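An overview of the molecular structure
Single-letter residue listing:
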Amino acid sequence: MRRLKRPVMIGEGPKAQPEQARSRWLWLWFAGLPGLAAASTLVASAPPGGDFSGGMIAADLWLLVAVAWLTLLLMPAMRRSRWTVWAPIIGVLTAILVSVGVPTRLAFMISEPALVAFGQSLPEDDADVSVNRFVGVFSIETVRRDDGVLYFDVNGTGGMLTQCGLAYAPGVRATDLPVSTADHLSGDWYATCTDFD
């Protein structure tokens, strides 16, 4: 009695293994590395004014993405791969999210209850309190009271001559705050930056 051979399925056989390995390798360079750069950028953009050192790491990762993407595009076989579009798509989506302030707003939304509770726990008569701890997802350096406004200075933000943070300003307009910029977050909360130059 003769045994029937099982039909070969699509994707099986000796060619399938190298093709799958090639696909994983392409995914790593065309989508995985840009995804890592995007995640680093979004995390660095979460504090008001952005985290300076995190921003430098994100910029280095995007430079590596650009070099890898352009190098791979020099190979004709790579240009036809569906993975080639992912690096630019991830880059554009990241730029849009950062430009409209989504990372900061999301970080604030997560941290607002902790910030409110921490602000209420501070003594009323203290004008300037050194904190140096995380409150929510923000690394708070100092908390200051000034004319009924509570300022939370965030570590490592802004740059060399800029201090950024959060301000809880009940009944105060953004234009009346003694800061360079004040972006409304929610209710009486603002993301602020003060330039010292």
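The coordinates are above.
My aim in this report is to walk through the structure given alongside it, one point at a time. (Residues numbered from 1 in each chain as written. Predicted model: local features only at pLDDT ≥ 70, side-chain atom pairs only at ≥ 80, totals over all residues. Heavy atoms only, no water.)

Describing the pairing of strand β6 (residues 189–195)
The buried fraction of β6 is high, at 6 of 7 residues. Taken together, the 7 bridges between strand β4 (residues 162–168) and β6 define a ladder with antiparallel strand orientation. Across the sheet, the residue bridging to Gly165 is Thr192, located in β6. Note that strand β5 (residues 181–186) and β6 share 5 bridges and pair antiparallel. What sits directly across from His184, in β6, is Tyr190. Between β5 and β6, which pair antiparallel in sequence order, lie 2 residues; one of them, Gly187, sits at a positive phi of approximately 55 degrees. (Buried < 20%, exposed > 50% of the residue type's maximum accessible area, 1.4 Å probe, protein only. Helix = DSSP H or I, 4+ residues; strand = E, 2+ residues; numbered from the N terminus. Pairing = 2+ DSSP bridges.)

Quick word on the nonpolar core
Within soluble globular proteins, side chains that are nonpolar generally end up buried alongside one another. Leu115, Phe138, Ile140, Val143, Phe152 and Leu166 are the most contacted members of the largest nonpolar core, which has 19 residues in total. Those elements that place two or more of their residues in this core are α5 (102–121), β1 (128–135), β2 (138–146), β3 (149–154) and β6. Once residues within four sequence positions are removed from consideration, Val143 is found in contact with Phe118, Leu122, Ala127, Asp128, Val129, Val131, Leu150, Tyr151 and Phe152. Val149, Leu177, Val179 and Tyr190 belong to the second largest nonpolar core, which has 7 residues in total. (Core = buried A, V, L, I, M, F, W, Y, C linked by side-chain atoms within 4.5 Å. Contact = heavy atoms within 4.5 Å.)

Thoughts on the sheet that holds β3
Judged by pairing direction, the sheet is antiparallel, and its 6 strands sit side by side in the order β1-β2-β3-β4-β6-β5 without closing on themselves. Of all strands in the sheet, those with a lone pairing partner are β1 and β5, marking the two edges. On average, each strand axis in the sheet is inclined to that of its neighbour by 25 degrees, with strand direction left out of account. Judged from the 4 bridges that link them, β3 and β4 form a sheet pairing that is antiparallel. Bridge pairing in β4 places Asp153 opposite Gly165. (Axes fitted to C-alpha atoms, helices over the stretch in contact; angles between N-to-C directions.)

Here's the deal with the side chain of Thr142
Within the secondary structure, Thr142 is located in strand β2. Within the local environment of Thr142, its side chain forms a polar contact with the side chain of Asp153, the two groups lying 2.9 Å apart. Once you skip the residues sitting within four places of it in the chain, Thr142 turns out to touch Asp128, Val129, Ser130, Val131, Tyr151, Phe152 and Asp153. (Polar contact = N/O pair within 3.5 Å; in protein donor to acceptor, adjacent residues only side chain to side chain.)

Notes on the pattern of salt bridges
With the rule as written, the count across this model stands at 2 salt bridges. Put simply, Asp153 and Arg144 hold a salt bridge, and the shortest N to O gap is 3.2 Å. Arg144 gets classed as partly exposed once you look at its relative accessible area, which sits at 29%. Across the salt bridge formed by Arg173 and Asp176, the nearest N and O atoms sit 3.2 Å from each other. The exposure class assigned to Arg173 is exposed, which follows from its relative accessible area of 56%. Using a relative accessible area of 47% as the deciding quantity, one classes Asp176 as partly exposed. (Salt bridge = Lys/Arg side-chain N within 4 Å of Asp/Glu carboxyl O.)

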